[in-house]
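Below are the chains, spelled out letter by letter.
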Amino acid sequence: MVEMKQEEFRLIQEFVNEQFGLILSEDKAGSLANKLTPRLVDLRLSSITDYYYHLKFSQDNKSEHHNLISLLTNNETYFFREDAQLKVLAESVLPAIKENRMRKKDRRIRIVSAGCSSGEEAYTLAMILLESGQFLWEWDVQVIGVDIDQAVIAKAEEGIYGGRSVSVTPPQLLERYFRKEGDGYRVKEVLRRITSFRQVNLLEFTDHFAEDSLDIIFCRNVVIYFNDNTVRETVEGFAKALRPDGYLFLGHSESLARITKLYEPLRFTGAVIYQTRQ
Ligand SMILES: C[S@@+](CC[C@H](N)C(=O)[O-])C[C@H]1O[C@@H](n2cnc3c(N)ncnc32)[C@H](O)[C@@H]1O
């Protein structure tokens, strides 16, 4: 394993905080040295200081930024995570959106899973949309999963999952939307048709999504790793991309109380969600 001096840890710590808003706590020093060792070997660098210069100044540093983020972020996810929020989506948010759109004769719905990891959240949202039966026939409905980590985006596009990912998926939905393939489960075409994935850094969200173009953003268990300024920047970007009455779902431990006034919290049993203030 490569040796990491305390000053070197600080260099990397400051770099990821400034560039990506990620918080790297002191207790991560040991595991960081461990994780960076294969990167140094790949890049033929002999110290963490050289790696830091590579991150900062090399011409192809963008791809290394992505590798580094991939090493630092947690990709843990599964289908039908945090049931209380999904219930709010199905029972309150989708019917409200439908009613609003019918009045305006607008039949387009766009939902983003921001920090989608290997795609379980995006496909879950697609299942909930289809199961709601609210948006059949002439509706133009799309779920878009975005993540900074190209490796998980590739996995999401492949759409094959192990038993752990589907462990709390209701059996009738497993049957309807997946095909058993060896030990795994492959997402069926009916879900793929309305789901797509893209590599996007959430700090550059507004470069990828037009103003007022989205109805709902799920960004759960992502900003927990960001500092407050980065959370603010991220959710302000979301507010631009959301329609004026759009909805934001964060993870249950993530709150906007001290962060921004751009959203109104809406309280439901077991779940708080946010709506852009008009
Ligand atoms: C713990 S997973 C959450 C997955 C899913 N949202 C859920 O709740 O199950 C966090 C994901 O956020 C992604 N992520 C972290 N920082 C990001 C950034 N700046 N831009 C885009 N994705 C990011 C990570 O790559 C990781 O896949």
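Residues numbered from 1 in each chain as written. Predicted model: local features only at pLDDT ≥ 70, side-chain atom pairs only at ≥ 80, totals over all residues. Heavy atoms only, no water.

Tell me about the packing of aromatic side chains, and name the residues and values.
Counted by the stated rule, this structure contains 13 aromatic pairs. Taken together, a centroid distance of 5.0 Å and an interplanar angle of 85 degrees make the contact between Phe 135 and Trp 139 edge-to-face. Residue Phe 135 is classed as buried on the basis of its relative accessible area, which comes to 9%. On the basis of relative accessibility, which here comes to 10%, the residue Trp 139 falls in the buried class. Counting every residue linked through ring pairs, the aromatic cluster contains Phe 15, Phe 20, Tyr 52, Tyr 53 and Phe 57. (Phe/Tyr/Trp six-rings, centres within 6.5 Å; stacked < 30°, edge-to-face > 60°. Buried < 20%, exposed > 50% of the residue type's maximum accessible area, 1.4 Å probe, protein only.)

Explain the pairing of strand β1 (residues 108–114) to me, and be specific about the residues and the numbers.
Among the 7 residues in β1, 6 count as buried, and that is most of the element. Crossover β1 to strand β2 (residues 140–147) through helix α6 (residues 120–132) is right-handed. Pairing of β1 with strand β7 (residues 214–219) involves 3 bridges; the strand directions are parallel. Bridged to Ile 111 within β7 is Ile 216. (Helix = DSSP H or I, 4+ residues; strand = E, 2+ residues; numbered from the N terminus. Right-handed = clockwise from strand over helix to strand, strands pointing away. Pairing = 2+ DSSP bridges.)

Got a sec to walk through the sheet that holds strand β4 (residues 178–181)? Specific residues and values, please.
Taken together, 3 strands build an open sheet; the order of strands is β3-β5-β4 and the sheet is antiparallel. For this open sheet the edge positions go to β3 (160–161) and β4, each flanked by a neighbour on one side alone. Direction of pairing for β4 relative to strand β5 (residues 184–187): antiparallel, over a ladder of 4 bridges. Considered in β5, the bridge of Glu 181 is made with Gly 184.

None of this, on its own, says anything about what the molecule does.
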